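Spelled out, the chains give:
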Amino acid sequence: MDRLFLFPEPFPDESLYSLAVRYHRLVSNKSYRQTSRELFGTYSRTCGSVIPCCLGALSQRLEGQYSVAELVETRTLLPLYRPFLSEQAYESAILRMQGTHGTGLKMSLGMTASGLLKHASFRYCEACMQHDSDVFGMPYWHRIHMAVGVCTCPVHGNVLLGANFPEGADWRSMFLPGEFASEPVLSTPSLDAAFAVADMQFWGLENPQQACDLVDGEFLRWRLTEMGMVHRGRLKELAIRKFLEPRLDPGNKEVEYQLVTKGFEWIMCLLRRRRWTIQPFRYYFLCWLLESSVNDLREFQRRAFSYLPEPASAIKHASRPDEKMVAARRREFKRDISERCHDKLGYYWLYRHDREWLNNYVKHHRFIRSREASTDWSVQDARLSKELVDARDKILDKKGKPIKITKSAVLRRVSAQYRFLREFSRFPKSFQVLEGVLETEHDFQIRKLNWAIKKFSPSKRCATSVIMRFAGIRIMRVSESEVDSLFFT
Ligand SMILES: [Zn+2]
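Peer 1: Is there a simple way to explain the overall build of the protein in this structure?
Peer 2: When helices and strands are tallied, the protein shows 28 helices and five strands. For the protein, with 489 residues in total, the buried portion stands at 47%. Within the protein, contacts between residues separated by at least 24 positions form 66% of all contacts whose residues are at least 6 apart in sequence. Total accessible area computed for the protein in this model is approximately 24,500 Å², and 52% of it derives from carbon and sulfur atoms.

Right, here's the structure in full:
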């Protein structure tokens with residue numbers, strides 16, 4: 001295998017394709033074919049994709065300077081999909097991206113079936129292009145600009161420009177932003193949804209673990225509950241439809257957005273997590289439909305995983321709408337016969353715009369909990385602690401390649417996951433147990449190595465590198481003596 005003697009230093013949020021283009025120019029190669037052979041050892045058909053393959057070969061040529069996991073996490077769009085995939089599906093996607101055959105990869109992520117790829121293009125922001133030329137000496141492709149549904153730059157707010165290839169050319173022409181004719185991807189320069197969705201997707205891409213917590217903590221369901229659209233754990237479909245229909249704006253002329261603004265069915269399927277892998281664009285667009293911004297996502301995540309009290313600034317009242325509207329909302333709220341104020345129609349709206357009145361109303365209409373008031377939290381805590389240990393054991397007992405014991409992996413297997421994430425402080429014992437069952441990278445590697453060794457003939461000592469590759473380990477966190485001792489246990 002040929003070692004690469006030079007490779008460009010990646011710029012912030014630079015895509016893998018962009019790095020390949022810069023390498024191509026650095027060594028003055030004549031064709032993409034030659035560049036692909038040097039970088040990937042083969043003719044890669046996915047280098048221009050946001051989910052490229054052949055990363056194993058590239059990592060080896062760079063002699064581990066960047067592991068496959070690092071390349072995936074920092075140079076591709078897979079992290080954006082992470083919250084919506086099971087651990088297994090995510091690992092399997094990485095394995096495919098490591099190998100040379102990416103067939104079916106986009107299909108397994110639900111990208112093909114979603115129909116959202118129809119409008120994908122090579123996009124850039126003029127302000128970013130200017131900035132990158134000034135600071136880094138050249139423009140480059142930002143991976144966030146390539147995400148489906150990102151039509152404006154999350155940094156500058158400009159509508160992105162989509163490159164039009166001249167006849168007979170495609171990404172294999174190895175070009176950088178601004179080198180081909182291009183046109184804006186939106187005809188409406190100030191589409192609220194586009195700004196919000198771009199911001200949220202950028203946050204999701206940069207903070208995949210926080211985005212996992214958001215999805216696992218059922219942010220959307222929490223939001224709907226706040227808005228009075230969940231009653232006794234059930235979605236109030238009619239109320240949801242009534243609220244969303246005007247926001248869906250079916251008259252929208254933006255082709256990329258027509259895919260998500262036409263029809264209501266996908267929303268209920270997404271909320272019930274049915275049928276397909278959730279597409280990040282749809283998820284974050286629905287967050288926007290439910291009047292959430294990137295700050296709400298951050299705030300939810302912060303509240304779910306810390307005990308910090310709400311900052312005083314957050315308690316400030318939002319700007320007040322006109323009196324007629326307020327009066328109508330109050331009437332509607334009072335008419336709703338739901339027992340709990342939180343479940344009443346318009347609770348969330350009043351919470352934002354008329355909080356003083358709402359607080360006063362809630363004070364005089366307290367819901368007397370008949371059974372829940374007597375909830376014995378210590379019993380619940382003990383039950384959840386046991387479930388957490390059982391979940392850990394289930395992961396350990398799983399046949400096949402080991403799965404890492406992460407917070408998400410464990411919590412997905414317990415029944416009170418939602419409650420735990422929302423009411424963290426009521427589960428002190430479970431919190432400790434959770435901390436205790438999580439696995440360090442070192443312990444996980446030991447488990448993977450053990451598994452890999454057992455898969456080979458135990459009597460035959462294989463090369464450590466073979467075992468490591470089989471176990472999917474790129475950067476070793478285990479000492480050589482520990483590996484040796486594993487061979488003889
Ligand atoms: Zn920009």
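Peer 1: Can you walk me through the packing of helix 1 (residues 16-26) against helix 2 (residues 32-40) in this structure?
Peer 2: Between two packed helices, both the angle of their axes relative to each other and the distance between the axes serve to describe the pair. One can describe the packing of helix 1 onto helix 2 by two numbers: an axis separation of 10 Å at closest approach and a directional angle of 110 degrees. Judged by the angle between their axes, helix 1 and helix 2 are roughly perpendicular. Along this stretch, helix 1 crosses helix 2, giving a crossing that reads as right-handed. Residue-level contacts link L16, A20, Y23 and H24 of helix 1 to Y32, T35, E38, L39 and F40 of helix 2. Here the residues of the contact of helix 1 with helix 2 sort into six nonpolar, two polar and one charged.

Peer 1: Would you mind showing me how to read the coordination of the zinc ion here?
Peer 2: Four donors placed tetrahedrally around a metal ideally meet at 109.5 degrees, and six donors placed octahedrally ideally meet at 90 or 180 degrees. Taken together, the protein donors to the zinc ion comprise C125 (SG), C128 (SG), C153 (SG) and H156 (ND1), at separations of 2.1 to 2.3 Å. Considering all four donor atoms around the zinc ion, angles at the metal cover 102 to 114 degrees and the coordination shape is tetrahedral. Spacing between the donor residues of the zinc ion along the chain follows C-x2-C-x24-C-x2-H. Pair noted here: C125 is in the loop between strand 1 (123-124) and helix 9 (126-136) and H156 is in the loop between helix 9 and strand 2 (161-163), with a separation of 31 residues, a long-range link.

Peer 1: Just to check I follow, could you spell out the side chain of S15 for this structure?
Peer 2: Along the chain, S15 turns up in the segment before helix 1. Filtering out sequence-adjacent residues up to four positions away, S15 remains in contact with R75, W141 and R143.

Peer 1: I keep staring at the side chain of R143 and nothing clicks. Help me out?
Peer 2: Within the secondary structure layout, R143 lies in the loop between helix 9 and strand 2. Discounting chain neighbours no more than four positions away, the residues touching R143 are D13, S15, E73, T74, R75, T76, L77, P79, L205 and E206.

Peer 1: Sorry if this is basic, but what is going on with the pattern of salt bridges here?
Peer 2: Opposite charge on two side chains allows them to pair when their charged atoms are near. Going through the model one piece at a time under the given rule, you end up with 17 salt bridges. One salt bridge in this structure joins D354 and R330, with 2.6 Å as the shortest N-O distance. Here D354 is found in the loop between helix 20 (347-353) and helix 21 (355-364), whereas its partner R330 is found in helix 19 (residues 323-335), with 24 residues between them in sequence. Beyond isolated ion pairs, a larger network of salt bridges with shared partners links R241, E245 and E265.

Peer 1: Looking at this structure, how should I read helix 26 (residues 441-455)?
Peer 2: Because an α-helix completes one turn every 3.6 residues, residues spaced three or four positions apart along the sequence face the same direction. Here helix 26 is 15 residues long and its end C-alpha atoms lie 21 Å apart, about the 21 Å a rise of 1.5 Å per residue gives. Along helix 26, the positions that sit buried rather than exposed are F444, Q445, I446, R447, K448, L449, W451, A452 and I453. Turning to helix 26, the residues buried within the fold contact helix 6 (87-98), helix 22 (377-397), helix 27 (464-471) and helix 28 (480-487).

Peer 1: What's the story with the environment of F427 in this structure? I'm lost.
Peer 2: Along the polypeptide, F427 turns up in the loop between helix 24 (417-422) and helix 25 (428-437). Spatially, the C-alpha atoms of F427 and Q380 are 7.8 Å apart, while their sequence positions differ by 47 residues.

Peer 1: Explain the packing of aromatic side chains to me, please; I cannot follow it from the model alone.
Peer 2: How two aromatic rings sit relative to each other is set out by the distance from centre to centre and by the angle between their planes. What the rule picks out here adds up to 31 aromatic pairs. Between F122 and W141, the ring centres sit 5.4 Å apart and the planes meet at 70 degrees, which makes this aromatic pair edge-to-face. One end of the pair, F122, is in the loop between helix 8 (111-114) and strand 1; the other, W141, is in the loop between helix 9 and strand 2, with 19 residues separating them in the sequence. According to the relative accessible area criterion, W141 is buried, its value standing at 1%. Summarising the aromatic geometry, the rings of Y257 and F285 are spaced 5.7 Å apart at their centres and angled 70 degrees between planes, so their arrangement reads as edge-to-face. Placement of Y257 in helix 14 (residues 255-261) and of F285 in helix 16 (residues 280-289) is noted, with a sequence separation of 28 residues between them. Here Y257 matches F285 in class, with each residue buried. Members of the aromatic cluster, joined through ring pairs, are Y17, Y32, Y43, F122, Y124, W141, F165, W171, F175 and F180. Directly above the ring of W288 sits R247, whose terminal nitrogen or CZ lies 4.3 Å from the centroid.

Peer 1: Quick question: what am I supposed to make of the nonpolar core here?
Peer 2: Among soluble globular proteins, nonpolar side chains are generally buried collectively. Ranked by size, the top nonpolar core spans 104 residues in total, and within it Y257, Y283, F285 and L286 carry the most contacts. Setting aside its immediate chain neighbours within four residues, Y283 contacts F84, L214, V215, F219, L220, L270 and I278. Formed by 16 residues, the second largest nonpolar core is a distinct cluster that contains L388, A391, I403 and V437.

Peer 1: Looking at this structure, how should I read the environment of G102?
Peer 2: Among the secondary structure elements, G102 is positioned in the loop between helix 6 and helix 7 (105-108). A C-alpha to C-alpha distance of 7.7 Å links G102 and P52, two positions 50 residues apart in sequence.

Peer 1: Explain the sheet that holds strand 3 (residues 182-184) here, please?
Peer 2: The strands making up a sheet are joined through hydrogen bonds of the backbone, oriented either antiparallel or parallel. A sheet is described by the order of its strands in space; here three strands give the open sequence 1-2-3, paired in antiparallel fashion. Looking at strand neighbours, the two that pair on one side only are strand 1 and strand 3, the edges of this open sheet. Across two bridges, the pairing between strand 1 and strand 2 is antiparallel. Looking at strand 2, one finds that R123 is bridged to G162.

Peer 1: Help me out: how do you make sense of unusual backbone geometry in this one?
Peer 2: Comment: phi is negative for the bulk of residues other than glycine, and the bulk of peptide bonds are trans. Even without glycine at this site, S28 takes up a positive phi of about 55 degrees. If you trace the backbone, S28 turns up in the loop between helix 1 and helix 2. In this model, M174 sits at a positive phi of 55 degrees, which is unusual for a non-glycine residue. Along the polypeptide, M174 turns up in the loop between strand 2 and strand 3.

Peer 1: Please explain the confidence of the model for the protein as it appears in this structure.
Peer 2: As a note on interpretation, predicted positions should not be read in detail where pLDDT is low. Of the residues in the protein, 88% reach a pLDDT of 70 or more, and the chain-wide mean stands at 83. Within the model, the stretch residues 305-318 combines pLDDT values under 50 with 21 contacts to residues more than four positions away or in other chains.

Peer 1: Can you walk me through the environment of L71 in this structure?
Peer 2: Following the sequence through the fold, L71 ends up in helix 4 (residues 68-75). Residue L71 is classed as buried on the basis of its relative accessible area, which comes to 3%.

Calculation criteria
Residues numbered from 1 in each chain as written. Predicted model: local features only at pLDDT ≥ 70, side-chain atom pairs only at ≥ 80, totals over all residues. Heavy atoms only, no water. Helix = DSSP H or I, 4+ residues; strand = E, 2+ residues; numbered from the N terminus. Buried < 20%, exposed > 50% of the residue type's maximum accessible area, 1.4 Å probe, protein only. Contact = heavy atoms within 4.5 Å. Areas by Shrake-Rupley, 256 points an atom, 1.4 Å probe, with all protein chains shown as cover. Axes fitted to C-alpha atoms, helices over the stretch in contact; angles between N-to-C directions. Parallel < 35°, antiparallel > 145°, perpendicular 65-115°, else oblique. Left-handed = near helix turned anticlockwise from the far one by under 90°. Nonpolar A, V, L, I, M, F, W, Y, C, P; charged D, E, K, R; others polar. Donors = N, O, S within 2.8 Å, 3.2 Å for Na, K, Ca; no water. Tetrahedral: all angles 85-135°; square planar, octahedral: opposite > 155°, others 65-115°. Salt bridge = Lys/Arg side-chain N within 4 Å of Asp/Glu carboxyl O. Expected span 1.5 Å × (residues − 1). Phe/Tyr/Trp six-rings, centres within 6.5 Å; stacked < 30°, edge-to-face > 60°. Lys NZ or Arg CZ within 6 Å of the ring centre and 35° of its normal. Core = buried A, V, L, I, M, F, W, Y, C linked by side-chain atoms within 4.5 Å. Pairing = 2+ DSSP bridges. pLDDT = per-residue confidence, 0-100.

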